[in-house]
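Analysis of the macromolecular model
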Amino acid sequence: GEDVEQSLFLSVREGDSSVINCTYTDSSSTYLYWYKQEPGAGLQLLTYIFSNMDMKQDQRLTVLLNKKDKHLSLRIADTQTGDSAIYFCAEIGQAGTALIFGKGTTLSVSS
Amino acid sequence: GAVVSQHPSWVICKSGTSVKIECRSLDFQATTMFWYRQFPKQSLMLMATSNEGSKATYEQGVEKDKFLINHASLTLSTLTVTSAHPEDSSFYICSAREVWRGLVEQYFGPGTRLTVT
């Protein structure tokens, strides 16, 4: 079945870059997403990448997709304390199905 | 990005009562809405997929008679937790999908914290 895996924790210092990794199993995924969840809040769509792209950059965020290895990463440049949150990667599996989420990576940023 | 609202943001109810949660897409029409449940420090678990004007499709293990979903319009879906019990206490998050020029974007509401006493 479809599965999305993420490392659970990442700790960085303010100003450093953060890289959050994700692997997925469904080769038919058309879109892959990154969401951010702050404590007690819903999910905020950060960015997404279409499966025929290798990279997408949006301000401090860079998404890299290695479709051959089914590996997705999110790089946050110049990480700030406000970036501390849980980051979920997600994929849309077969057409029309709901998002399949990873367990989330808790990013902790220290000053 | 598009906005999805949920109401209420938190609710406390007594065991045996029913609770209705509303999910609205504020600036777009969503033919498909999803309901998720999230336990503390865990990922989101899909409960059901709701298409406007038709019956919801429930995931395996989700009781359709307990979690009633109505998607009456392109901007509103409701989840009613019937005869709630303490084990139903959770964070419920709705999501609305927008398809625009072939792009699929899915936006989430802020969540509803349900506590059943």
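Just so it is clear, the model here is predicted, and its values are computed rather than measured. The numbering scheme is per chain: residues are counted from 1 as the chain's sequence reads. Here the convention is simple: chains get letters from A, ligands get numbers from 1, in the order in which they are written. Since the coordinates come from a predicted model, pLDDT governs what is reported: local features require at least 70, and pairs of side-chain atoms require 80 or more to be given and counted, while whole-chain, interface and lining totals use all residues. In computing side-chain properties, one takes all heavy atoms of the structure into account and sets aside hydrogens as well as water.

Here the focus is the interface of chain B and chain A. When the parts of a complex come together, some accessible area is lost, and that lost area is often taken as the interface size. Note on definitions: a residue-residue contact is assigned when non-hydrogen atoms from the two residues lie within 4.5 Å. On the chain A side, the residues contacting the 21 residues of chain B number 19 residues. When chain B packs against chain A, close to 1,500 Å² is buried across both sides, 57% of that on carbon and sulfur atoms. Between Lys or Arg on one side and Asp or Glu on the other, a salt bridge is scored when a side-chain nitrogen of the former is within 4 Å of a carboxyl oxygen of the latter. In this assembly, chain B and chain A are joined by zero salt bridges. Under this definition, polar contacts are N or O atom pairs within 3.5 Å; protein pairs additionally need one hydrogen-donor-capable and one acceptor-capable atom, and for neighbouring residues in sequence, both atoms have to be side-chain atoms. Inspection of the region where chain B meets chain A yields six residue pairs in polar contact (both at pLDDT 80 or more). At the level of elements, β4 (32–38), β5 (44–51), β9 (90–100) and β10 (103–108) of chain B are the ones that each hand at least two residues to the side of chain B that touches chain A. Working definition: helices are DSSP H or I runs of at least four residues, strands are E runs of at least two. Numbering for both runs from the N terminus. For the side of chain B that touches chain A, the element with the most residues is β10 of chain B, which contributes six residues. Of the residues assigned to the side of chain B that touches chain A, the class counts are eleven nonpolar, eight polar and two charged. Computed with a 1.4 Å rolling probe, the buried area is the accessible surface lost when two parts are put together, summed over both parts. Any residue that is not Ala, Val, Leu, Ile, Met, Phe, Trp, Tyr, Cys, Pro, Asp, Glu, Lys or Arg is counted as polar, Gly included; the first ten are nonpolar and the last four charged.

Let's shift gears to the confidence of the model for chain B. How sure the predictor is of each residue is captured by pLDDT, a score from 0 to 100. Residue-level pLDDT values for chain B average 90, and 99% of them are 70 or greater. Looking at the elements of chain B, mean pLDDT is at its lowest for β10 of chain B, recorded as 81, and at its highest for strand β8 (residues 76–81) of chain B, recorded as 96.

Here we come to the nonpolar core. The term nonpolar core refers to a set of buried residues drawn from Ala, Val, Leu, Ile, Met, Phe, Trp, Tyr and Cys, joined through side-chain atoms within 4.5 Å. Buried residues are those whose accessible area, probed at 1.4 Å on protein chains only, stays under 20% of the maximum for their type, while exposed residues exceed 50% and partly exposed ones sit between those limits. Judged by nonpolar contacts, the single largest core of 46 residues is most densely connected at Tyr33, Tyr35, Leu99 and Phe101 of chain A together with Phe108 of chain B. Ranked by the residues each element gives to this core, the list is headed by β9 of chain B, at five residues. Listed in part, the 20 residues of the second largest apolar core include Val4, Leu32, Trp34 and Leu107 of chain A.

Attention now moves to the pattern of salt bridges. Counted according to the given criterion, the structure contains five salt bridges over all chains. Between Asp69 of chain A and Lys68 of chain A there is a salt bridge, and its shortest N-O distance comes to 3.7 Å. On the basis of relative accessible area, Asp69 of chain A is assigned to the partly exposed category, the value being 47%. Ionic pairing is found between Lys66 of chain B and Asp88 of chain B, a salt bridge with its closest N-O pair at 2.9 Å. One end of the pair, Lys66 of chain B, is in the loop between β6 (57–58) and β7 (67–73); the other, Asp88 of chain B, is in the loop between β8 and β9, and 22 residues separate them in sequence. There is no split in this pair, since Lys66 of chain B and Asp88 of chain B are both buried.

Another point: the side chain of Thr112 of chain B. Tracing the chain through its elements places Thr112 of chain B in strand β11 (residues 112–116). Apart from the residues within four sequence positions on either side, Thr112 of chain B is in contact with Gln6, Pro8, Ser9, Trp10, Val11, Ile21, Ser90, Phe91 and Tyr92 of chain B.

On to the sheet that holds strand β7 (residues 61–66) of chain A, then. Residues and elements named next belong to chain A. In this scheme, strands are said to pair when DSSP sees at least two bridges between them. Across the sheet, five strands lie side by side as β1-β3-β8-β7-β6; this open sheet has antiparallel pairing. The open sheet terminates on both sides in strands that have one partner only, identified here as β1 (4–6) and β6 (55–58). When the angles between neighbouring strand axes are averaged without regard to direction, this sheet yields 15 degrees. In this analysis an axis means a line fitted to C-alpha atoms, helices contributing only their contacting stretch, and an angle means the value between N-to-C directions, from 0 to 180 degrees.

Successive side chains on a regular strand alternate, one facing one side of the sheet and the next facing the other. Residues and elements named next belong to chain A. Bridge count between β6 and β7: four bridges; the pairing is antiparallel. If you follow Lys56 over to β7, its bridge partner there is Val63. Counting the residues in the hairpin turn of β6 and β7 gives two residues, including Gln59, whose phi is positive at 55 degrees. By the bridge criterion, six bridges tie β7 to strand β8 (residues 71–76) in an arrangement that is antiparallel. Residue pairing for β8: Leu61 is matched across the bridge by Ile76.

This part takes up the environment of Trp34 of chain A. Turning to its location among the elements, Trp34 of chain A is positioned in strand β4 (residues 31–37). Each C-alpha atom of the pair Trp34 of chain A and Gln59 of chain A lies 14 Å from the other, and the pair is 25 residues apart in sequence.

Criterion for a disulfide: a pair of cysteine sulfur atoms at a distance within 2.5 Å. Applying the stated criterion across every chain yields a total of two disulfides over all chains. A disulfide bridge connects Cys22 of chain A with Cys89 of chain A, and the sulfur atoms are separated by 1.9 Å. Residues Cys22 of chain A and Cys89 of chain A are joined by a disulfide whose S-S torsion is about 65 degrees; by sign, that bridge is right-handed. Taken together, the residues Cys22 of chain A in strand β3 (residues 18–24) and Cys89 of chain A in strand β9 (residues 85–92) connect sequence positions 67 residues apart. Given a relative accessible area of 2%, Cys22 of chain A falls into the buried group. Between the sulfur of Cys23 of chain B and that of Cys94 of chain B lies a disulfide, 1.9 Å long from S to S. Between Cys23 of chain B and Cys94 of chain B, the S-S dihedral sits near 75 degrees, and the bridge is therefore right-handed.

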